[in-house]
Amino acid sequence: LKLGMAPSTATPTTTTGLAYLLHPLVLLHVSDAHTRTTVAGSSSAPGAGAVGSAPGASGIGSSRVFGLLLGSGTSRIISLENAVEIKLAKESGNASAAMAFDVPFMKQKIELMKKVFPKLDVVGWYATGSEPSKDDMALHRCITEVAESPVFLLMDVDDARNKTRSGAATAALPVKLFETEVHASDGAAHFVPASVELESSEAERVAVDEVSRVALSASTANGADGAAGAPSSSDQLQSHLHTVRSATSMLQDNVEQLLAFVRGVQQRQGPLEPKDHKALRDIAAMLRQLPASAAASNTGDEFVRDAEDVALVAQLTALTTGVARLVDVGAKS
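Residues numbered from 1 in each chain as written. Predicted model: local features only at pLDDT ≥ 70, side-chain atom pairs only at ≥ 80, totals over all residues. Heavy atoms only, no water.

**Quick word on the side chain of Arg64**
Next, step 1: With respect to the secondary-structure elements, Arg64 resides in strand S3 (residues 64-73).
Next, step 2: Take Arg64: its relative accessible area is 3%, and that puts it in the buried class.
Next, step 3: Here the side chain of Arg64 touches Asp136 through a polar contact of 3.1 Å, side chain to side chain. (Helix = DSSP H or I, 4+ residues; strand = E, 2+ residues; numbered from the N terminus. Buried < 20%, exposed > 50% of the residue type's maximum accessible area, 1.4 Å probe, protein only. Polar contact = N/O pair within 3.5 Å; in protein donor to acceptor, adjacent residues only side chain to side chain.)

**Some details on a negative patch on the surface**
Next, step 1: On the surface, Asp301, Glu302, Asp306, Glu308 and Asp309 cluster together to form a negatively charged patch.
Next, step 2: Tracing the backbone shows Glu308 in helix H8 (residues 296-332). (Patch = residues over 30% accessible without salt bridge, like charges linked within 9 Å, V, L, I, M, F, W, Y side chains within 5 Å. Areas by Shrake-Rupley, 256 points an atom, 1.4 Å probe, with all protein chains shown as cover. Salt bridge = Lys/Arg side-chain N within 4 Å of Asp/Glu carboxyl O. Lys, Arg positive; Asp, Glu negative; His and termini not counted. Charge placed at Lys NZ, Arg CZ, Asp CG, Glu CD.)

**Observations regarding unusual backbone geometry**
Next, step 1: The phi dihedral of Ser149 falls on the positive side, at around 55 degrees, and the residue is not glycine.
Next, step 2: By secondary structure assignment, the location of Ser149 is in the loop between helix H3 (134-143) and strand S8 (151-155).
Next, step 3: On the basis of relative accessibility, which here comes to 62%, the residue Ser149 falls in the exposed class.

**Description of a nonpolar patch on the surface**
Next, step 1: On the surface, Leu312, Leu316, Leu319, Val323 and Val327 cluster together to form a nonpolar patch covering roughly 470 Å² of accessible area.
Next, step 2: With respect to the helices and strands, the residue Leu316 is situated in helix H8.
Next, step 3: Owing to a relative accessible area of 46%, Leu316 belongs among the partly exposed residues under this scheme.

**Brief notes about the nonpolar core**
For soluble globular proteins, the rule of thumb is that nonpolar side chains tend to be buried together.
Next, step 1: Counting 24 residues, the largest nonpolar core has Leu68, Phe101, Met106, Trp125 and Ile143 as the members making the most contacts within it.
Next, step 2: Taken together, the elements giving at least two residues each to this core come down to S3, helix H2 (103-116), strand S7 (121-128), H3 and S8.
Next, step 3: If you look at the next biggest cluster of nonpolar residues, it comprises 21 residues, including Tyr20, Ala33, Ile78 and Val151. (Core = buried A, V, L, I, M, F, W, Y, C linked by side-chain atoms within 4.5 Å.)

**Some details on the pairing of S3**
Next, step 1: Of all 10 residues in S3, 8 are buried, a share of seventy percent or more.
Next, step 2: In the sheet, S3 pairs with S7 via 6 bridges, with the strands oriented antiparallel. By the bridge assignment, Phe66 is partnered in S7 with Ala127.
Next, step 3: Bridge analysis of S3 against strand S4 (residues 77-85) gives 7 bridges, and the strand direction is antiparallel. (Pairing = 2+ DSSP bridges.)

**Focus on the pattern of salt bridges**
Next, step 1: Across all of its chains, the model carries 6 salt bridges by this definition.
Next, step 2: Among the ionic pairs, Arg36 bridges to Asp32, the shortest N-O distance being 2.8 Å. A residue pair is termed a helical-turn pair when its members lie 3 or 4 positions apart in one helix, as Arg36 and Asp32 do in helix H1 (residues 24-40) at 4 residues.
Next, step 3: Owing to a relative accessible area of 40%, Arg36 belongs among the partly exposed residues under this scheme.
Next, step 4: Two residues, Glu85 and Arg36, come together in a salt bridge whose shortest N-O distance is 2.4 Å. Of this pair, Glu85 sits in strand S4 while Arg36 sits in helix H1; the two residues are 49 residues apart in sequence, bridging distant segments of the chain.
Next, step 5: On the accessibility criterion, Glu85 (13% relative accessible area) is buried.

Below you can see the structure in the form of structure tokens.
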């Protein structure tokens, strides 16, 4: 899925020819970081240099958030797979200095990240805003200390919020990706829009679907304008149980289909001749991945023993309570 992004009219499109694949986890991370920063903004001290945020940054009504883009790829295809927040800091003793990334903190975050995700490297950075500014270019130079030829991902959260409130339907995500090019006219680096496509794995699609269900449930509970409070815990529990029930029902249907297929092969019934050996091998491989368990007959005995243990504990509890009450009655008499 190619993202609908309007390129900036002030700069030409990129000529590097690199292909960028953006994973939903990056979008979820930026959205989550912006939400947390916005909610906590009222209690944060201005200029405190909070991790990943800059109060009152250029051109943005709310606090901006910043972070590193993590990914991997070949010489021509770059995959943006994850993100981490980083800290902003001013030069000590210079209150008027422009904001810059805390490079030692950033390198420490990268070192910790490599221990958890050894296959991912820093491929760029992200921020919230409508258009890149001169301050963003200064921040971009800080990223070059930890990444070669980094890219810049910009998410316009204000535009997304306004469209959501107005109910304007759009298939374009409020995301822009930029590379840098040095122009011969002034010898300076400039941001150049780059094309990016949305890429997702099966696990990411399931996660995004779950997030959208929860958001839809919260929106329904809060009303169309979101003026009411957050959904109650009972509503959230009901939504969660409904999701678990749907997943369990789907799993049961799939297991019944596999069971019917195997029984049909054993009985040589229906359009199952000749045997589909590939399907049988896939089923056998799936069964080998299941946790080792006892035979079916032993499983029933284990359930009976567990039920007996629970009943015994309940009886002992009742007996202990009765003895305690008898002791109280004897002491009073």
